[in-house]
Amino acid sequence: MKAAIYWVTNDWSLIRRIREKYRLPQQMNINYITYAEVSEETLAQLKKGEPKFLIIRKIEK
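The sections below set out a description of the structure shown in this document. (Residues numbered from 1 in each chain as written. Predicted model: local features only at pLDDT ≥ 70, side-chain atom pairs only at ≥ 80, totals over all residues. Heavy atoms only, no water.)

1. Topic: the nonpolar core
Turning to step 1, where the next piece is worked out: Counting residues in each nonpolar core, the largest one holds 15 residues, and the members touching the most others are Ile18, Leu24 and Leu46.
Turning to step 2, where the next piece is worked out: Listed by contribution, the elements that provide at least two residues to this core are β1 (2–7), α1 (12–22), α2 (40–47) and β3 (54–60).
Turning to step 3, where the next piece is worked out: Residue contributions to this core peak at 4 residues, all from α1.
Turning to step 4, where the next piece is worked out: Ignoring sequence-local partners within four residues, the contact set of Leu24 consists of Ile5, Trp7, Ile18, Arg19, Ala36, Val38 and Leu46. (Core = buried A, V, L, I, M, F, W, Y, C linked by side-chain atoms within 4.5 Å. Buried < 20%, exposed > 50% of the residue type's maximum accessible area, 1.4 Å probe, protein only. Helix = DSSP H or I, 4+ residues; strand = E, 2+ residues; numbered from the N terminus. Contact = heavy atoms within 4.5 Å.)

See below:
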């Protein structure tokens, strides 16, 4: 499923670690949004970081 991930944190080392752990793309637009194809399991793990580090904006199946 496709998800739009809005990065709330400005800690670039944390963003890099999250990207590596969940294999998210490194692209980010000027609004700090990363668009990624993720599994349901990964999405559930990412939602644990809301709203401290990131916000899942849009999900399409």
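Now that the structure has been shown, we can carry on.
2. Some words on the environment of Pro25
Turning to step 1, where the next piece is worked out: Tracing the chain through its elements places Pro25 in the loop between α1 and β2 (33–37).
Turning to step 2, where the next piece is worked out: Sequence separation of Pro25 and Glu37 is 12 residues, and the distance between their C-alpha atoms is 8.9 Å.
Turning to step 3, where the next piece is worked out: Beyond its immediate chain neighbours, meaning those up to four positions away, Pro25 contacts Arg19, Thr34, Tyr35 and Ala36.

3. Observations concerning unusual backbone geometry
Turning to step 1, where the next piece is worked out: At the junction of Glu50 and Pro51, the peptide bond is cis and its omega measures out at -15 degrees in the coordinates.
Turning to step 2, where the next piece is worked out: Looking at the secondary structure, you find Pro51 in the loop between α2 and β3.

4. A short note on the packing of aromatic side chains
Turning to step 1, where the next piece is worked out: This structure, assessed with the given rule, holds 1 aromatic pair.
Turning to step 2, where the next piece is worked out: Taking the centre distance of 6.3 Å and the plane angle of 40 degrees together, the rings of Trp12 and Tyr32 count as tilted. Taken as a pair, Trp12 in helix α1 and Tyr32 in the loop between α1 and β2 lie far apart in primary sequence, 20 residues in all. (Phe/Tyr/Trp six-rings, centres within 6.5 Å; stacked < 30°, edge-to-face > 60°.)

5. Digging into the sheet that holds β2
Turning to step 1, where the next piece is worked out: Across the sheet, which stays open at both edges, the 3 strands sit in the order β2-β1-β3 with antiparallel pairing between neighbours. Two strands bound the open sheet, and with one partner strand each, they are β2 and β3. When strand polarity is set aside, the average angle formed by the axes of neighbouring strands in this sheet is 25 degrees.
Turning to step 2, where the next piece is worked out: Here β1 runs beside β2; their pairing, made up of 5 bridges, is antiparallel. Bridged to Tyr6 within β2 is Ile33.
Turning to step 3, where the next piece is worked out: Seen against the sheet, α2 touches β1 and β3 and runs at an angle of roughly 150 degrees to β3. (Pairing = 2+ DSSP bridges. Axes fitted to C-alpha atoms, helices over the stretch in contact; angles between N-to-C directions.)

6. A short note on the pattern of salt bridges
Any two side chains of opposite charge can pair, so long as their charged atoms come close to each other.
Turning to step 1, where the next piece is worked out: Following the criterion strictly, the structure yields 2 salt bridges and no others.
Turning to step 2, where the next piece is worked out: Between Arg16 and Glu20 there is a salt bridge, with the nearest N and O atoms lying 3.6 Å from each other. Here Glu20 and Arg16 lie together in helix α1, a separation of 4 residues that amounts to about one turn.
Turning to step 3, where the next piece is worked out: Under the relative-accessibility criterion, Arg16 is labelled partly exposed at 46%. (Salt bridge = Lys/Arg side-chain N within 4 Å of Asp/Glu carboxyl O.)

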